[in-house]
Amino acid sequence: MAILEVSGLIHRFPDGTTALSGIDLVVREGEFVVVAGANGSGKTTFLRHLNALLLPHDGRVLVDGVSTADDPIRARRTVGMVFQDADSQIVGETVYDDVAFGPENLGLEPDRIHRRVTAAMAAVGLAGFEDQRPHLLSGGEKRRVAIAGILAMRSRVLVFDEPFSNLDYPGVRQVLAQIVALHRQGHTILLTTHDLEKVLAHADRLVVISAGRVARNGLPAETVKGIDALGVREPEASRNGMPLSSWLR
Ligand SMILES: Nc1ncnc2c1ncn2[C@@H]1O[C@H](COP(=O)(O)OP(=O)(O)OP(=O)(O)O)[C@@H](O)[C@H]1O
């Protein structure tokens, strides 16, 4: 069953830049899709359409069968987004308040909010951080706070824009392990990265965007071959004819 159906999606910015020039993509519930592409190819603009932060100028984006233009609130509840810049996503004075922000906006009762926040924080390994100030956490911890925030919303689709940027090796491993665990629990995952080496072994599909269009779409091990021509580095293992390996092993 398709949870996301994008067809003929066009996005133009007010200055005339056409960032997306006809994206077609279907994502099934429970899939793990990696979206790659050179700088400026349109990845972030595309992701922002999935939870109705942007709306199509032409074409359509269906989330669980409903157009984002018709019901943006529903799209925002279904699709949770972890932005590249973790600081821009912090809204609470404490980690607890920050994670509680989403469920509070859903209008849930305090008891339910508390249960959801506690469960989400435990799931990302942040139990005990409740009273800390989010701005003072490390980059990896901030990203885990953002992940807890979308878990507390019970988002079925989790979208990560460059989740490994600015993280050290343990930080990458922690966030990657978190994403892989969420996929195993049944969440649909979409993730952009310039560093396919870290994640491709876990993905069901690789989609490459070039000049605002889907240039490639298929099984990771096949689709990644010769990808350099589209401005994305082919992992060393793939170049050498070896199976894709994971940073978690
Ligand atoms: N607010 C904006 N106004 C005008 N043009 C924009 C705006 N935001 C992005 N663009 C342009 O739209 C195109 C797609 O940008 P986008 O950020 O989606 O690319 P990206 O693939 O995510 O790039 P990166 O890998 O650098 O993050 C680029 O040409 C970019 O310059």
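Residues numbered from 1 in each chain as written. Predicted model: local features only at pLDDT ≥ 70, side-chain atom pairs only at ≥ 80, totals over all residues.

1. With respect to the overall build of the protein chain
Here is step 1: Each helix and strand in the protein chain was counted, giving eight helices and ten strands.
Here is step 2: Among the 249 residues that make up the protein chain, the fraction classed as buried is 43%. (Helix = DSSP H or I, 4+ residues; strand = E, 2+ residues; numbered from the N terminus. Buried ≥ 20, exposed ≤ 12 C-beta atoms within 10 Å, placed from the backbone.)

2. A short note on the sheet that holds strand E5 (residues 66-67)
Here is step 1: Across the sheet, which stays open at both edges, the four strands sit in the order E2-E1-E4-E5 with antiparallel pairing between neighbours. Either end of the sheet is taken by a strand with one partner, and the two such strands are strand E2 (18-28) and E5.
Here is step 2: By the bridge criterion, eight bridges tie strand E1 (residues 2-12) to E2 in an arrangement that is antiparallel. By the bridge assignment, Ile-10 is partnered in E2 with Ser-21. (Pairing = 2+ DSSP bridges.)

3. Observations regarding the UniProt feature "domain: ABC transporter" (unreviewed entry) in the protein chain
Here is step 1: The feature "domain: ABC transporter" (unreviewed entry), as given by UniProt, occupies residues 4-236 in the numbering adopted here.
Here is step 2: A distance of 31 Å separates the end C-alpha atoms of residues 4-236, which is 32% helix and 25% strand. (UniProt positions renumbered as here; feature names shortened; annotations may be inferred.)

4. Digging into the sheet that holds strand E7 (residues 157-161)
Adjacent strands of a sheet pair through backbone hydrogen bonds, lying either parallel or antiparallel.
Here is step 1: Taking strand neighbours across the sheet as the criterion, the six strands line up as E6-E7-E8-E3-E9-E10 in an open arrangement whose pairing is mixed. Of all strands in the sheet, those with a lone pairing partner are strand E6 (79-82) and strand E10 (213-218), marking the two edges. Strand-to-strand twist of the sheet, defined as the mean angle between neighbouring strand axes without regard to direction, takes the value 20 degrees.
Here is step 2: Taken together, the four bridges between strand E3 (residues 32-36) and strand E8 (residues 188-192) define a ladder with parallel strand orientation. The residue of E8 that forms the bridge with Val-34 is Leu-191. (Axes fitted to C-alpha atoms, helices over the stretch in contact; angles between N-to-C directions.)

5. Considering helix H6 (residues 169-184)
Here is step 1: Helix length check: H6 (16 residues) gives 22 Å between terminal C-alpha atoms against 22 Å at 1.5 Å per residue, within 8%.
Here is step 2: Those residues of H6 that sit buried are Val-172, Val-175, Leu-176, Gln-178, Ile-179 and Leu-182. The buried residues of H6 occupy one face: seen down the axis, they fall within an arc of 155 degrees. Structural note: H6 exposes Tyr-169, Pro-170, Ala-181 and Arg-184 on the side pointing more than 90 degrees away from its buried face. (Expected span 1.5 Å × (residues − 1). Arc of directions from axis to C-beta.)

6. Considering unusual backbone geometry
Here is step 1: Here the phi dihedral of Asn-166 falls at roughly 65 degrees; this positive angle occurs in a residue that is not glycine.
Here is step 2: Examined against the element boundaries, Asn-166 turns out to sit in the loop between E7 and H6.
Here is step 3: For Asn-166, a count of 15 C-beta atoms within 10 Å corresponds to the partly exposed category.
Here is step 4: The residue Ala-211 is not glycine, and still its phi comes out positive at about 50 degrees.
Here is step 5: The residue Ala-211 is located in the loop between strand E9 (205-210) and E10 in this model.
Here is step 6: C-beta crowding within 10 Å serves as the criterion here: with 15 such atoms nearby, Ala-211 is assigned to the partly exposed category.

7. Remarks on the environment of Leu-126
Here is step 1: When you line up the elements, Leu-126 lands in the loop between helix H4 (110-123) and helix H5 (139-152).
Here is step 2: C-beta crowding within 10 Å serves as the criterion here: with 20 such atoms nearby, Leu-126 is assigned to the buried category.
Here is step 3: Between the C-alpha atom of Leu-126 and that of Phe-32, which follows or precedes it by 94 residues, the distance is 24 Å.
Here is step 4: The residues contacting Leu-126, other than those within four sequence positions of it, are Val-95, Met-121, Arg-144, Val-145 and Ala-148. (Contact = placed C-beta atoms within 7 Å.)

8. Structural notes on the packing of helix H3 (residues 95-105) against H5
Here is step 1: Packing of H3 against H5 brings their axes to within 7 Å, and their N-to-C directions diverge by 35 degrees. Here H3 and H5 pass one another in a crossing that is right-handed. Residues Val-95, Asp-98, Val-99, Ala-100, Phe-101, Gly-102 and Pro-103 of H3 form the contact with H5, whose own contacting residues are Val-145, Ala-148, Gly-149 and Ala-152.
Here is step 2: Looking at side-chain class alone, the contact of H3 with H5 contains eight nonpolar, two polar and one charged residues. (Left-handed = near helix turned anticlockwise from the far one by under 90°. Nonpolar A, V, L, I, M, F, W, Y, C, P; charged D, E, K, R; others polar.)

9. Re the pairing of E1
The two faces of a sheet get side chains in turn, since along a regular strand they alternate between them.
Here is step 1: If you look at the hairpin formed by E1 and E2, you'll find five residues sitting between the two strands, and Gly-16 has a positive phi there, around 100 degrees.
Here is step 2: Examined bridge by bridge, E1 and strand E4 (residues 58-63) share five bridges and lie antiparallel to one another. When the bridges of E4 are listed, Ser-7 appears paired with Arg-60.

10. Concerning the nonpolar core
Buried together is how nonpolar side chains tend to be arranged in soluble globular proteins.
Here is step 1: The biggest cluster of nonpolar side chains holds 66 residues, and the ones touching the most others in it are Val-33, Val-34, Val-99, Ala-148 and Val-159.
Here is step 2: Ranked by residues supplied to this core, first place goes to H5 with seven residues. (Core = buried A, V, L, I, M, F, W, Y, C linked by C-beta atoms within 7 Å.)

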